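# Breakdown of the fold
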Amino acid sequence: MIFETKRPRTDLALELSDNLPNGVEVKNSSSGDFAVTDIHLKSESAARSVGKAVGRYLTLEPKDSFEMIPSNADEYSIGLADKLQELLGNAKSVFVAGLGNECITPDSLGPRVVSHIFATRHIPTDAPEIDTEGLGLVSCAAPGVMGQTGIETSEFLGSLIEKISPEAVIVIDALACKNPRHLGRTIQLTDAGISPGSGVMNSRSEVSKRTLGIPCIAIGVPTVADAGTHDEPLMVTPKNIDKLISTSAMIISGGINKCLHTGLSLGELRLLTA
């Protein structure tokens, strides 16, 4: 009799690294104050074997938890900006989407990040006297979840992208992990897009370059961990989740803003988005 192996409920490629097939490229480096693990799933067969899409998965691990705002928060944002630029390439017109339900704390990371993004797409038209040297063309939105809107995230984003024609999209979403030590201590970036809710077995339509037609970079932090069994699924979240979300959102929004608006300092960007 053949028994099916239970695939762990996790969005982190790092947590599948023990089972990676031959031929997958894994590199270790650093960026700012982050330790970085870069897992590149190059073939469809390799990706299928671990339940992921083809692409690069960069895991950024800080020295400390994001429970409290770290003294080196700027270094974390700059390190994230460097890796985001590596995946994003030369795109100047970028749409930033914050996925998730802002009314449920563990699922509110995306909307919280978007609330601190410096949107500039309107400036050349509405305020042409403003010098936009060093600024990207950035727009953003938090589309909510299908239970609130009745609209699939991919449908919402696809319609907006068709209208505003950005060169790339960045999506931010809360993730699930299997190891509780990754809660609030890991940021994952990937150019493979995302299937919202996949880590908690509530997967919605894929949001990726394949479905949207432009490069799609997904950024997330684990906010829930799998503590269940095969028969009794159970996802848990830490008691300090509000602080983890707040600090993670600050670091990620800072990294995105710094990546897209190279002419401004992090201090200036925070004043503009407070």
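Each value, and the rule that gives it
- Residues numbered from 1 in each chain as written.
- Predicted model: local features only at pLDDT ≥ 70, side-chain atom pairs only at ≥ 80, totals over all residues.
- Heavy atoms only, no water.
- Helix = DSSP H or I, 4+ residues; strand = E, 2+ residues; numbered from the N terminus.
- Rg over C-alpha atoms; globule rule 2.2 N^0.38 Å.
- Buried < 20%, exposed > 50% of the residue type's maximum accessible area, 1.4 Å probe, protein only.
- Areas by Shrake-Rupley, 256 points an atom, 1.4 Å probe, with all protein chains shown as cover.
- Salt bridge = Lys/Arg side-chain N within 4 Å of Asp/Glu carboxyl O.
- Expected span 1.5 Å × (residues − 1).
- Phe/Tyr/Trp six-rings, centres within 6.5 Å; stacked < 30°, edge-to-face > 60°.
- Core = buried A, V, L, I, M, F, W, Y, C linked by side-chain atoms within 4.5 Å.
- Contact = heavy atoms within 4.5 Å.

### A short note on the overall build of the chain
Looking only at helices and strands, the chain has 9 helices and 9 strands in total. The C-alpha atoms of the chain give a radius of gyration of 18 Å, which matches the 19 Å a tight globule of 274 residues would have. Its C-alpha atoms give the chain principal-axis dimensions of roughly 75 × 40 × 40 Å. Among the 274 residues that make up the chain, the fraction classed as buried is 50%. Accessible area for the chain stands at about 13200 Å²; split by element, carbon and sulfur atoms hold 50% of it.

### Here's the deal with the pattern of salt bridges
Within the structure shown, the criterion is met by 8 salt bridges. We note a salt bridge from Asp38 to Arg56, for which the minimum N-O separation is 2.5 Å. Residue Asp38 is located in strand E2 (residues 34-41), and its partner Arg56 is located in strand E3 (residues 55-61); the two are separated by 18 residues in the primary sequence. Both residues of the pair, Asp38 and Arg56, count as buried. Arg181 is the partner of Glu61 in a salt bridge, and the nearest nitrogen-oxygen pair spans 4.0 Å.

### Regarding helix H8 (residues 241-260)
Between its terminal C-alpha atoms H8 stretches 28 Å, which fits the 28 Å expected from 20 residues at 1.5 Å a residue. Counted residue by residue, H8 has 16 buried out of 20 residues, so it is predominantly covered.

### Topic: the packing of aromatic side chains
All chains considered together, the criterion is met by 1 aromatic pair. Consider the rings of Phe34 and Tyr76, whose centres lie 4.7 Å apart with planes at 35 degrees: the pair is tilted. One end of the pair, Phe34, is in strand E2; the other, Tyr76, is in helix H2 (residues 73-88), with 42 residues separating them in the sequence. A single burial state applies to Phe34 and to Tyr76, both of which are buried.

### Points about H2
With 16 residues, H2 extends 22 Å between its outermost C-alpha atoms, agreeing within 8% with the 22 Å of an ideal straight helix rising 1.5 Å per residue. Listed in full, the buried residues belonging to H2 are Ala73, Tyr76, Ser77, Gly79, Leu80, Ala81, Lys83, Leu84, Leu87 and Leu88. In the stretch just after H2, Gly89 is the one whose phi turns positive, near 75 degrees.

### A closer look at the nonpolar core
Membership of the largest hydrophobic core comes to 39 residues, with the highest contact counts inside it found for Val96, Ile170, Ile187 and Ile256. The greatest single-element share of this core, amounting to 10 residues, is contributed by H8. When near neighbours in sequence (up to four residues on either side) are disregarded, Val96 contacts Val114, Ile117, Val138, Ser139, Cys140, Ala141, Ile170, Ile172, Ile256 and Leu260.

### Things to note about the environment of Leu109
As for its position among the elements, Leu109 is in helix H3 (residues 109-114). The class for Leu109 is buried, based on a relative accessible area of 0%. When the C-alpha atoms of Leu109 and Met250 are compared, they prove to be 10.0 Å apart, with 141 residues separating the residues in sequence. Other than its neighbours up to four places away in sequence, Leu109 contacts Ile172, Asp173, Ala174, Val221, Ile245, Ser248, Ala249 and Ile252.

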